[in-house]
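The chain contents come next:
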Amino acid sequence: MAPPGPASAHPASAEPLSRSIFRKFLLMLCSLLTSLYVFYCLAERCQSLAGPAVRPSGGGDEAGAPGRGALAGGPRELAVWPAAAHRKRLLQLRQWRRHRLPALRDDGEEAAWEEEPPGLTGGPGGSGAGSSVAEAPPGTLALLLDEGSKQLPQAIIIGVKKGGTRALLEFLRVHPDVRAVGAEPHFFDRSYDKGLAWYRELMPRTLEGQITMEKTPSYFVTREAPARISAMSKDTKLIVVVRDPVTRAISDYTQTLSKRPDIPTFESLTFKNRTTGLIDTSWSAIQIGIYAKHLEHWLRHFPIGQMLFVSGERLISDPAGELGRVQDFLGLKRIITDKHFYFNKTKGFPCLKKAEGSSKPHCLGKTKGRTHPEIDREVVRRLREFYRPFNLKFYQMTGQDFGWDG
């Protein structure tokens, strides 16, 4: 038989060649897919960072924000957030400096919060370590422009002066779904003629699911305020922080005395005639505490179920409990709990535990917790008698006994 020719050798050599080509094709395909995956991951990382981290001029090493985020003490510490959480956090951080600057209240005092040395964090509630307070310290931050929108407030703390409104607002601002104006706008009592567009511009930017808030305690005693707020939105939720009217009046007087030491004594201002014991209800310190009278004006425009009455006393003794009620009222998840607070024995007030990444807690400022002057016991007794019927009516109207006459 003749040996096989070249044509018969072709099938044997073609089989290894096709396998080689197939293997190279698979290798190239795997390399391409791997490259696409790496490119996709890098693109996702760039998107989540949303921009460069910027360090303020003159700054040294600064602590980063808690958890994950595009905040760090330097480029090596830059971390990645999931895009949605990142955008929300950056929006809060962008407004941090604006709203943490000392805000001037209507009485000209600075806002009532200061940063305390960590040595004061003892007492009930723990040391503050491991706290998850949502406030971030100043530091490096990624700039995020035109994120969110400004909305008219869905909830307003309308009163009362010297009742604990500043403390409540600062406690609420720990919640990631609450955005609030730091200074008191005084729109519905002093600046209503400027219009709602002006008022809206005062508000912080919010994202979907966040609540815009403000607090101006004088609204509660302003006769025009209920109708004006109702005209803005009948669905506005109203919060009133109330306190024993006698203690509130003395606190009010103490604040005025700190600015004007030459004013008459508390006793002389309380009575129209000390001999007859007739109380001077035209004095604002006395008038504000007639809560039932002021509440009547509000109930003409808002149902009682749209108002929440917070105890100023319980806000001190059990801040987490009162904040739980407020969060429920606002339809918020209960994020603010007792782990956020410690009691400062020196001041006699609860303070916010330190924010993660910061060495200092937030506590009531020097303008709060002033020592009250000694008031004649007979004057206090007469004031309690004066307020008793108004208090009882207020308990009946709100369905709450605040225990001021026990």
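In what follows, the accompanying structure is described. These numbers come from a predicted model, not from an experiment.

The secondary structure content of the chain amounts to 13 helices and 15 strands. Taken over 406 residues, the chain has a buried fraction of 45%. Of the contacts made within the chain by residues no fewer than 6 positions apart, 74% connect residues no fewer than 24 positions apart.

This brings us to the sheet that holds strand β5 (residues 155-159). Ordered in space as β6-β8-β5-β9-β12, the 5 strands form an open sheet in which the pairing is parallel. At either end of the open sheet lies a strand with only one pairing partner, and these are β6 (178-180) and β12 (307-311). Averaged over all adjacent pairs, the angle separating strand axes in this sheet is 25°, with direction ignored. Pairing of β5 with strand β9 (residues 237-242) involves 4 bridges; the strand directions are parallel. Bridge pairing in β9 places glycine 159 opposite valine 240. Across the sheet, helix α10 (residues 291-299) is in contact with β5, β9 and β12; its angle to β12 comes to roughly 160°. Set on the sheet, helix α12 (residues 319-329) makes contact with β9 and β12; between it and β12 the angle comes to about 170°.

Below, the discussion takes up the packing of aromatic side chains. Under the criterion given, the structure shown has 22 aromatic pairs. Geometrically, the ring pair formed by phenylalanine 188 and tyrosine 219 is edge-to-face, given 5.5 Å between the ring centres and 75° between the ring planes. Of this pair, phenylalanine 188 sits in the loop between β6 and α5 (196-202) while tyrosine 219 is found in the loop between β8 (211-215) and α6 (225-232), placing the two residues 31 residues apart along the sequence. An identical accessibility class is assigned to phenylalanine 188 and tyrosine 219; each is buried. Taken together, a centroid distance of 5.4 Å and an interplanar angle of 55° make the contact between phenylalanine 386 and phenylalanine 390 tilted. Residue phenylalanine 386 and its partner phenylalanine 390 are both found in helix α13 (residues 377-398); the two are separated by 4 residues, about one turn of the helix. Residue phenylalanine 390 is classed as partly exposed on the basis of its relative accessible area, which comes to 29%. Linked through ring pairs, Phe187, Phe188, Tyr192, Trp198, Tyr199 and Tyr219 together constitute an aromatic cluster. Above the plane of the ring of phenylalanine 329 lies lysine 237, whose end atom (NZ or CZ) is 5.5 Å from the centre.

All right, on to the packing of helix α4 (residues 165-172) against α12 then. Taken N-terminus to C-terminus, the directions of α4 and α12 make an angle of 75°; their axes are 11 Å apart at the nearest point. Judged on the interaxial angle alone, α12 and α4 are roughly perpendicular. Residue-level contacts link Leu168, Phe171 and Leu172 of α4 to Pro319, Leu323 and Val326 of α12. Of the residues in the contact of α4 with α12, the class split is 6 nonpolar, no polar and no charged.

Once that is clear, we can look at the pairing of β9. Counting buried positions along β9 yields 5 of 6 residues, so the element is predominantly enclosed. Examined bridge by bridge, β9 and β12 share 5 bridges and lie parallel to one another. Bridge pairing in β12 links isoleucine 239 to leucine 308.

A packed helix pair is summarised by two numbers, namely the angle formed by the two axes and the spacing between the axes. Closest axis-to-axis distance for the helix α7 (residues 245-259)/α13 pair is 9 Å, and the angle between their directions is 125°. The orientation of α7 relative to α13 falls into the category oblique. Contacts between α7 and α13 pair Pro245, Val246 and Thr247 from the former with Val380, Leu383, Arg384, Tyr387 and Asn391 from the latter. Counted by class, the contact of α7 with α13 contains 5 nonpolar, 2 polar and 1 charged residues.

Of all the 11 residues making up α12, 8 are buried; the element is thus mostly covered by neighbouring parts of the structure. Along α12, the positions that sit buried rather than exposed are Pro319, Ala320, Glu322, Leu323, Gly324, Val326, Gln327 and Phe329. Looking at the buried residues of α12, the elements they touch are α4, β9, β12, α11 (312-317), β13 (341-344) and β14 (349-352). A positive backbone phi angle near 75° is found at glycine 331, which sits one or two residues after α12.

Counting across every chain of the model gives 16 salt bridges. For arginine 314, the salt bridge identified is with glutamate 322, shortest N-O distance 3.3 Å. Judged by relative accessible area, arginine 314 falls into the partly exposed class, the value being 31%. The exposure class assigned to glutamate 322 is buried, which follows from its relative accessible area of 4%.

What follows covers a nonpolar patch on the surface. On the surface, Phe22, Phe25, Leu26, Leu29, Leu32, Leu33 and Leu36 cluster together into a nonpolar patch covering about 670 Å² of accessible area. Here leucine 36 lies in helix α1 (residues 6-49). Residue leucine 36 is classed as partly exposed on the basis of its relative accessible area of 48%.

Next up on the list: the nonpolar core. Taken as a class, soluble globular proteins show a tendency for nonpolar side chains to be buried jointly. Ile158, Phe188, Tyr219, Ile229, Trp298 and Phe394 are the most contacted members of the largest nonpolar core, which totals 29 residues. Looking at this core, the elements that each hand over two or more residues are β5, α6, β9, α10, β12 and α13. Top contributing element to this core by residue count: α10, with 4 residues.

Calculation rules
- Residues numbered from 1 in each chain as written.
- Predicted model: local features only at pLDDT ≥ 70, side-chain atom pairs only at ≥ 80, totals over all residues.
- Heavy atoms only, no water.
- Helix = DSSP H or I, 4+ residues; strand = E, 2+ residues; numbered from the N terminus.
- Buried < 20%, exposed > 50% of the residue type's maximum accessible area, 1.4 Å probe, protein only.
- Contact = heavy atoms within 4.5 Å.
- Pairing = 2+ DSSP bridges.
- Axes fitted to C-alpha atoms, helices over the stretch in contact; angles between N-to-C directions.
- Phe/Tyr/Trp six-rings, centres within 6.5 Å; stacked < 30°, edge-to-face > 60°.
- Lys NZ or Arg CZ within 6 Å of the ring centre and 35° of its normal.
- Parallel < 35°, antiparallel > 145°, perpendicular 65-115°, else oblique.
- Nonpolar A, V, L, I, M, F, W, Y, C, P; charged D, E, K, R; others polar.
- Salt bridge = Lys/Arg side-chain N within 4 Å of Asp/Glu carboxyl O.
- Patch = residues over 30% accessible without salt bridge, like charges linked within 9 Å, V, L, I, M, F, W, Y side chains within 5 Å.
- Areas by Shrake-Rupley, 256 points an atom, 1.4 Å probe, with all protein chains shown as cover.
- Core = buried A, V, L, I, M, F, W, Y, C linked by side-chain atoms within 4.5 Å.

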